[in-house]
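Each chain is listed here by its residues.
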Amino acid sequence: MDIKRVAIDAVNETIVMTVVHMDYKGQVAKRINEKMPLATVKGFRKGQVPKDLVEKQYGKAIKQEEVKKVVDLALERFVQSERLNLLGTPLAKENENFDWDAEELTFEYEIGLVPNFEIDLEAKNNIVKYIVTADDKLIDGQVERIQKQFGKAIPQDKVEADSDLTGTFSNEEKGINNTTTISVSTFNKKAGDKFIGKKVGDVVTVSTKGLFEDDHQLMDYLKVAHDDVHGLDIEVNFTIEAVNGAELAELNQELFDKLFGEGKVASLEDLKSKIKEDAEAQFAQQADQKLLLDVQDFLIENTKFDLPAEFLKKWLQTVGEKKLSAEEAEVEYARSEKGLRFQLIEGKAMAQSNIQITFEDLKAFTTNAIRQQMAQFGQTNPTDEEVQGIVARVLSNQEEVKRLSEQVVAEKLLEVFKEKANPTTKEVTYEEFIAASYGE
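This write-up is about the structure you can find in this document. Just so we're clear, the structure is a prediction, and the values are computed from it rather than from any experiment. (Residues numbered from 1 in each chain as written. Predicted model: local features only at pLDDT ≥ 70, side-chain atom pairs only at ≥ 80, totals over all residues. Heavy atoms only, no water.)

**Side note on the nonpolar core**
Within the largest apolar cluster, 31 residues are counted, with the highest numbers of intra-cluster contacts made by Leu299, Leu307, Leu344, Ile345, Leu413 and Phe417. Looking at this core, the elements with two or more residues in it are strand S3 (86-92), helix H8 (268-302), helix H9 (309-316), helix H10 (326-352) and helix H13 (398-420). Considering every element that reaches this core, the biggest residue donor is H10, with eight residues. Discounting residues that sit within four places of it in the chain, Leu344 has contacts with Leu87, Val114, Pro115, Phe117, Phe305 and Leu307. (Core = buried A, V, L, I, M, F, W, Y, C linked by side-chain atoms within 4.5 Å. Buried < 20%, exposed > 50% of the residue type's maximum accessible area, 1.4 Å probe, protein only. Helix = DSSP H or I, 4+ residues; strand = E, 2+ residues; numbered from the N terminus. Contact = heavy atoms within 4.5 Å.)

Below is the structure:
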């Protein structure tokens, strides 16, 4: 067999294989011999059919099967031996005039190659690393929310500016149907004003665009997926099922102990300090996420390389349970190109920075995530045995391992980006951060 690469450009090649009779004749002869005792041809008893008739009836199909095996194995070994870094998998080129009776059988496969490029993590940029502080307005608002949450609900005949609403957000087209409780003050003022004076049973239609100060709140109240929240601009109905005011809970030791554990908070000042600490820890995570996204966008914009676009569009038509048309593949490629570019950049950044993910890294990250989740549900002091039992179950799920590994990679890359991208540091309030994030 002769096999070679034919370069088209830096990211596109063709693998050409020429298969001769010697490459497959022994296996074909073996298969014919195995077939003879089982062959049935009219006029002959089973197992008594002459070999030439068996070859005539089954030989072509057997030859095609054996040649395919030879070609598939040779292709796999060639890709490995040449250490080809492929995007997608090889695509057989169609040949309407292919002659299975020819002395030499030639097969051609298109391949797309990972481009060769360099990234400069220290390139000049205008990226900002935000330090988000919890100001008095935010802290006082959270204190009031705590008092309302643990206070006494008082039914109201109609919605007022300080009312709490229980109801269902719905949008049939987007599959939104979520029952929740929300304060009128949680909406932006324009949306909140639509509810004033409404009663139980009324339906209020609002736009998701700018519905909340932070688009991420769509995840909490509408159960919209994270990937969909940014820039979501649809109308949703809110069916009012209950309207309540609140008799605010007294800020006393009993409430503090219920919230944070016995003796951990002993005064209003302690409560505000705890709220500030927890809020700023959460804001730091959001700021890190924005920094990562901003660095991603910068690197994608400033790291230039070609992709085997036409090859990938053809390849997209062949993968998956549902075959795509050329038009559908075009749309899918446009949707996924940015993600593919950053995936390649991410891999290069990991290699350049010698980042490796160990099982201990994954275990430590998962342990921390589990403890945070348990704390959110009031389990502030779980035992190590409880936590490690959950961690073991999580890490036995391959899908979870893949998802968590991606998060560990992102976390490690973020530390590299903070160090090397040298972003400008800026301290802002949460409102200012939201405005910077979403241009509001």
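There's plenty left to go through after this.
**Some words on the pattern of salt bridges**
Scanning the model with the defined rule gives 26 salt bridges in all. Between Lys314 and Glu110 there is a salt bridge, with its nearest N and O atoms 2.8 Å apart. Pair noted here: Lys314 is in helix H9 and Glu110 is in strand S4 (residues 104-113), with a separation of 204 residues, a long-range link. Taking relative accessible area as the criterion, Lys314 reaches 37% and is therefore assigned partly exposed. We note a salt bridge from Lys322 to Glu328, for which the minimum N-O separation is 3.4 Å. The class for Lys322 is exposed, based on a relative accessible area of 54%. Taking the relative accessible area as the measure of exposure, Glu328 reaches 35% and is therefore partly exposed. A cluster of three or more residues bridged by salt bridges with shared partners is formed by Arg31, Glu65, Glu66 and Lys69. (Salt bridge = Lys/Arg side-chain N within 4 Å of Asp/Glu carboxyl O.)

**Let's talk about the packing of aromatic side chains**
Within this structure, the stated rule accounts for 13 aromatic pairs. Seen in terms of ring centroids, Phe187 and Phe212 are 5.7 Å apart; in terms of plane orientation they differ by 15°. Their pairing is stacked. Of this pair, Phe187 sits in the loop between strand S8 (176-183) and helix H4 (189-193) while Phe212 sits in the loop between strand S9 (203-207) and helix H5 (217-221), and the two are 25 residues apart along the sequence. Taken individually, Phe187 and Phe212 each receive the classification buried, so the pair is uniform in this respect. Here the guanidinium or amino end of Arg341 rests over the ring plane of Phe305, the centre of that ring lying 4.9 Å away. (Phe/Tyr/Trp six-rings, centres within 6.5 Å; stacked < 30°, edge-to-face > 60°. Lys NZ or Arg CZ within 6 Å of the ring centre and 35° of its normal.)

**Brief notes about the sheet that holds S3**
Ordered by their spatial adjacency, four strands build an open sheet running S1-S2-S4-S3, and the pairing between neighbours is antiparallel. Unpaired on one side and paired on the other, strand S1 (2-9) and S3 mark the two borders of the sheet. This sheet shows a mean twist of 20° between the axes of neighbouring strands, independent of strand direction. Of the pairings in the sheet, the one linking strand S2 (residues 12-20) to S4 comprises nine bridges and is antiparallel in character. Each bridged residue has a counterpart across the sheet, and for Thr18 the counterpart in S4 is Thr106. Its contacts with the sheet place H9 against S2, S3 and S4, and it is angled at close to 70° to S3. (Pairing = 2+ DSSP bridges. Axes fitted to C-alpha atoms, helices over the stretch in contact; angles between N-to-C directions.)

**Things to note about the packing of H9 against H10**
Relative to each other, H9 and H10 sit at 120°, their axes nearing to 9 Å. Accordingly, the angle class assigned to the pair H9 and H10 is oblique. For H9 against H10, the interelement crossing comes out right-handed. Here Ala309, Leu312, Lys313 and Leu316 of H9 come into contact with H10, specifically with Ala329, Glu330, Glu332, Tyr333 and Leu340. For the contact of H9 with H10, the per-class residue count stands at six nonpolar, no polar and three charged. (Parallel < 35°, antiparallel > 145°, perpendicular 65-115°, else oblique. Left-handed = near helix turned anticlockwise from the far one by under 90°. Nonpolar A, V, L, I, M, F, W, Y, C, P; charged D, E, K, R; others polar.)

**As for the side chain of Thr180**
Within the secondary structure, Thr180 sits in strand S8. Note on Thr180: relative accessible area 13%, which makes it buried. When sequence neighbours within four positions are dropped, the list of residues in contact with Thr180 reads Leu165, Thr166, Gly167, Phe169, Tyr221 and Phe238.

**Considering the pairing of strand S7 (residues 164-171)**
Extensive coverage of S7 is indicated by the burial of six of its eight residues. Here S7 pairs with S8 via eight bridges, running antiparallel. Along S8, the bridge assignment pairs Thr168 with Thr179. Linkage of S7 to S8, two consecutive antiparallel strands, is achieved through a turn of four residues, within which Gly175 is found at a positive phi near 70°. Taken together, the seven bridges between S7 and strand S10 (residues 235-247) define a ladder with antiparallel strand orientation. What sits directly across from Thr166, in S10, is Ala242.

**Some details on the packing of helix H3 (residues 136-149) against H8**
Axis separation between H3 and H8 bottoms out at 10 Å; the angle between their running directions is 110°. Classified by the interaxial angle, the pair formed by H3 and H8 is roughly perpendicular. Taken as a pair, H3 and H8 cross one another with a handedness that is right-handed. Contacts between H3 and H8 involve Leu138, Ile139, Asp140, Gln142, Val143 and Ile146 from the first element and Leu268, Leu271, Lys272, Ile275, Lys276, Ala279 and Phe283 from the second. Each residue belonging to the contact of H3 with H8 can be placed in one class, and the counts come to nine nonpolar, one polar and three charged.

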